[in-house]
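Structural overview for review
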Amino acid sequence: MKRKDFLKTVTLAGAAAATGTWNGINVFAQTNEEKNGECELAMVMGGEPDVMFQKAIAAFGGMGKFVKSGQKVVIKPNIGWNRTPELAANTNPILVGEMVKQCKEAGAAEVAVFDRTVDAWQTAYKASGIEDAVKAAGGIVLPSGDEADYREVNLPEGVVLKKAKIHKALLDCDVWFNVPILKTHGGAKLTISLKNYMGIVWDRRIMHSDGLHQCIADSATFVKRPALNVIDAYRAMKANGPRGVSEADAVTLKSLIVSPDIVAADTAAMNLFNQIPGVEQMDLGMVEHIKMAEKLGLGSTDLGKLKVERIRG
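Overview of the structure. What you see is a predicted model; the values in this text were computed from it and never measured.

Parameters and conventions
- Residues numbered from 1 in each chain as written.
- Predicted model: local features only at pLDDT ≥ 70, side-chain atom pairs only at ≥ 80, totals over all residues.
- Heavy atoms only, no water.
- Pairing = 2+ DSSP bridges.
- Helix = DSSP H or I, 4+ residues; strand = E, 2+ residues; numbered from the N terminus.
- Buried < 20%, exposed > 50% of the residue type's maximum accessible area, 1.4 Å probe, protein only.
- Contact = heavy atoms within 4.5 Å.
- Axes fitted to C-alpha atoms, helices over the stretch in contact; angles between N-to-C directions.
- Parallel < 35°, antiparallel > 145°, perpendicular 65-115°, else oblique.
- Left-handed = near helix turned anticlockwise from the far one by under 90°.
- Salt bridge = Lys/Arg side-chain N within 4 Å of Asp/Glu carboxyl O.

As paired strands, strand S4 (residues 72-77) and strand S5 (residues 110-113) are joined by four bridges and run parallel to one another. Each residue of the ladder has a partner; that of Val 73, found in S5, is Val 111. Note that S5 and strand S6 (residues 140-141) share two bridges and pair parallel. Bridged to Ala 112 within S6 is Ile 140.

It is worth spelling out helix H8 (residues 212-219) at this point. For H8, a buried count of eight out of eight residues is recorded, marking the element as mostly surrounded by other parts of the structure. When H8 is considered as a whole, its buried residues turn out to be Leu 212, His 213, Gln 214, Cys 215, Ile 216, Ala 217, Asp 218 and Ser 219. Turning to H8, the residues buried within the fold contact strand S10 (181-185), helix H7 (204-209) and helix H10 (288-295).

Here we come to the packing of H8 against H10. When two helices pack together, their arrangement is given by the angle between the helix axes and the distance between those axes. Relative to each other, H8 and H10 sit at 45°, their axes nearing to 8 Å. On the basis of the axis angle, H8 is oblique to H10. Considering only the axes of H8 and H10, their crossing is right-handed. Every residue of H10 that contacts H8 at His 213, Gln 214, Ile 216 and Ala 217 is listed here: Glu 288, His 289, Met 292 and Ala 293.

Across all of its chains, the model carries 13 salt bridges by this definition. The salt bridge involving Arg 243 is made with Asp 119; its shortest N-O contact spans 2.8 Å. With Arg 243 in the loop between strand S12 (228-237) and strand S13 (250-259) and Asp 119 in the loop between S5 and helix H4 (121-127), the pair connects residues that are 124 residues apart, well separated along the chain. We classify Arg 243 as partly exposed; its relative accessible area is 32%. Notably, a salt bridge pairs Glu 131 with Lys 135, separated by 2.8 Å at the nearest N-O pair. Remark: Lys 135 and Glu 131 occur in helix H5 (residues 130-136); sequence separation between them is four residues, near one turn of the helix. We classify Glu 131 as buried; its relative accessible area is 13%.

Set out below in C-alpha cells:
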C-alpha cells in the first residue's frame, strides 16, 4: 500500500474512534435507550482486535456464559486463502487467538479451529497467522482437506440445499463460534457470517451452481447454531474480494460486530461496509442471502428491535 493510502485509512479509523463518527454518521449514537435486558448485538470501534473482543464479550456477560468447563469448542474463522493479514482475506489472527485463550480460561477441554479452505489448508493456515496464534493460545488446528472428515446431514428447513457434508468437528462439539471477516465477494456481494458457512461444508461447488444466495441461507439452517457470530472488521476488504489483489483493496476500520443473531450481525456489517468512502453501496436486494435467511426465521434485519451496545474500543 502506498504511504498516502495507508495514512488515509489510519486517519479514517482514528477519527472514527476519537469522535464516534464514520463518514459523517454517528456510529455510537444510542437510538434504543428504552430497551432493557441483555445485550443482543455489540458494535465496537477504535481498538485492537483482542481488546475489542474483550469489551464485546463482556457486554454479553463474559465467555463463561457460552463455554462451560470440560466442553469441546470449535472456532470457525475465514482462513480460505494463502494470504497475509494485511490483505484482509482471512480473519485477523489476533482476534482468533484471543477467542481461543478466553475459551480455555472458561474451562474448555479443547478448542479446535478449522476452515474448508480454497487454497491448500496447510499454506492458508500458516500464511494467515491463524495457526501460530491458535497454538500459542493453547488451541489446535484441524485439517480440512479430506472428505472423510465430513459427514452428511439433512437440512430439512432448506429451500434448495436439503443436505450437506459438514465437518465432523462441528457435529461433535458442544459449542461453536462463527468468526468471519467483512469483505466483498463477486457472487454473494459481501461475505460475512452467513457466507462463512460455506467453509463448514465439503463441496461448495454445489452451492455455487444451484442458486448461491439461497444455498448460503439454507446452509445456515444447520441445526447446531453458533453461540455467537463475531465479525472481524479490523481490516475489511473493500474491493477484489474474496481473495484480494493488494493491500490497497483493504481498509482499516478497527471495528468488531458480535451477535447471536446471524441476520442482524450481517445487516449491521453491511451498514458498516457502506460507510467506507468510495465503495459500491450494498442493500438487502443485492446481498440477497441476508433477507433469505430472515425469511427462514434465522434472525432479523430490523436492528431497531434489538438491544444494541455501542462501545469504544
